[in-house]
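# A look at the structure
This is what each chain is made of:
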Amino acid sequence: MRVIVEADGGSRGNPGPAGYGALVLDAETGAVLAERAEAIGVATNNVAEYKGLIAGLRAAAELGADAVEVRMDSKLVVEQMAGRWQVKHPSMRPLSGEAREIASGFARISYTWIPRAQNHRADKLANQAMDGEAVNRQAARTSPAAWSGALGAPTKILLLRHGQTEMSVDRRYSGRGDVPLTDHGQAQAEAAARRIAKLDGIDADTPILASPLSRATSTAAAVAAATGGRVRVDDALIETDFGSWEGLTFAQAVERDPELHARWLADTSVPPPGGESFDRVHERVRAFRDELVGAYPERTVLVVSHVTPIKALLRLGLDVGPSLLYRLHLDLASLSIVEFYPDDNASVRLVNDTSHLV
């Protein structure tokens, strides 16, 4: 049995009120097998991080793991446990010794440093602990939920891309420019609305959230007319700001800024001239997702948006890197579905379905 342990710890004050968080994932499926979080009183960040590691290793041992990959954003803990750095601080030695003793019970163990953004689940658990919420959850390995690692009922998000515009016909960068739907785009929106109105869990009380741009609000309005619902605009769902590339074709943008355009395609942290990077979009969409799951637990929600925000939500659901932005195609008025569980697990149910347009 191969598992991944993600662990973190924090202290508000360093030293200050501290807590840790840890989770164990199935290495093959990514399913969450166990979660741990606990406040530990006044301590430093490093002590809390080691406590998180110990809790994660103990949970892996309780599950009967043979091989463990530890992933943490603490360079200190990773390097010390990997044996590349010495443990010099006296308060760290007993903790590292305890962690090594548990680790010795596994056939194989490795330690990997990951950026903080990739350790958000353990970080969230650590913050829950510092807020006074202890966590000790373990998925039942023999239950149906163990196949997905799901703990609790999900928030189901229906992701609808807006209908056709003149900019999409000409295949131009269309970000913050407020272009309306074409007549064909309106027909696409109405076809999608008829399809969505027939889905389970959709009724007049279903929240409908849309980008503030008219191509999205018009598409959302078509769904609201079919379901009896109401549209609420959320700025977090707006498309990427393409800056001075707005309205240009791909070829025109390359001709104008060849070097910058090549770097933009290769690095999601690079913004267009005067615009917004894909990394920035991902962070605002992540914050939107977190708020949405908190506001609508166990509910179905419709989100009407654009290519990049929808891809960002699917990327969060799949827990994959930014290469998905370049490898996933989303058609106009396409429907995708992702479910987010309260334990930070997720399940992508549908991607780029356009059967309602045939």
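Thresholds applied
- Residues numbered from 1 in each chain as written.
- Predicted model: local features only at pLDDT ≥ 70, side-chain atom pairs only at ≥ 80, totals over all residues.
- Heavy atoms only, no water.
- 1 Å grid on protein atoms, 1.4 Å probe; cavity = no way out; pocket = protein on both sides within 12 Å on 5 of 7 lines; lining within 4 Å.
- Points joined across faces, edges and corners; volume = space filled by probe spheres on them.
- Helix = DSSP H or I, 4+ residues; strand = E, 2+ residues; numbered from the N terminus.
- Nonpolar A, V, L, I, M, F, W, Y, C, P; charged D, E, K, R; others polar.
- Phe/Tyr/Trp six-rings, centres within 6.5 Å; stacked < 30°, edge-to-face > 60°.
- Buried < 20%, exposed > 50% of the residue type's maximum accessible area, 1.4 Å probe, protein only.

### A word on the layout of surface pockets
One number sums up the size of the largest pocket: a volume of about 920 Å³. Residue lining of the largest pocket: 27 residues in total, with Arg-161, Arg-171, Tyr-173, Val-307 and Lys-311 positioned closest to the centre. When contributions to the lining of the largest pocket are tallied by element, the ones reaching two or more residues are helix H9 (258-266), helix H11 (307-318) and helix H12 (324-327). Broken down by element, the residue count for the lining of the largest pocket peaks at three residues, all from H11. Among the residues forming the lining of the largest pocket, the class breakdown is 12 nonpolar, eight polar and seven charged. Approximately 740 Å³ is the volume attributed to the second largest pocket. As for the second largest pocket, its lining consists of 30 residues, and the residues nearest its centre are His-120, Arg-121, Leu-318, Asp-319 and Val-320. Broken down by element, the lining of the second largest pocket gets its largest block of residues, five residues, from helix H10 (residues 278-295). Broken down by class, the residue content of the lining of the second largest pocket amounts to 11 nonpolar, nine polar and 10 charged.

### Some words on the packing of aromatic side chains
The description of an aromatic ring pair uses the distance of the two centres, along with the angle that the planes make with each other. In the structure shown here, the tally under the stated rule is seven aromatic pairs. Ring geometry for Tyr-173 versus Phe-242: centroids 5.1 Å apart, planes at 40°, classification tilted. With Tyr-173 in the loop between helix H5 (166-169) and helix H6 (183-197) and Phe-242 in the loop between strand E9 (231-233) and helix H8 (250-256), the pair connects residues that are 69 residues apart, well separated along the chain. For the pair Tyr-173 and Phe-242, one class covers both residues: buried. Their ring planes at 80° and their centres at 5.7 Å tell us that Tyr-173 and Trp-264 sit as a pair that is edge-to-face. You can see Tyr-173 sitting in the loop between H5 and H6 and its partner Trp-264 sitting in helix H9, a full 91 residues away along the chain. Assigned by exposure class, Tyr-173 and Trp-264 land together as buried. Through a chain of ring-to-ring contacts, three or more aromatic side chains come together here, namely Tyr-173, Phe-242, Trp-245, Trp-264, Phe-278 and Tyr-326.

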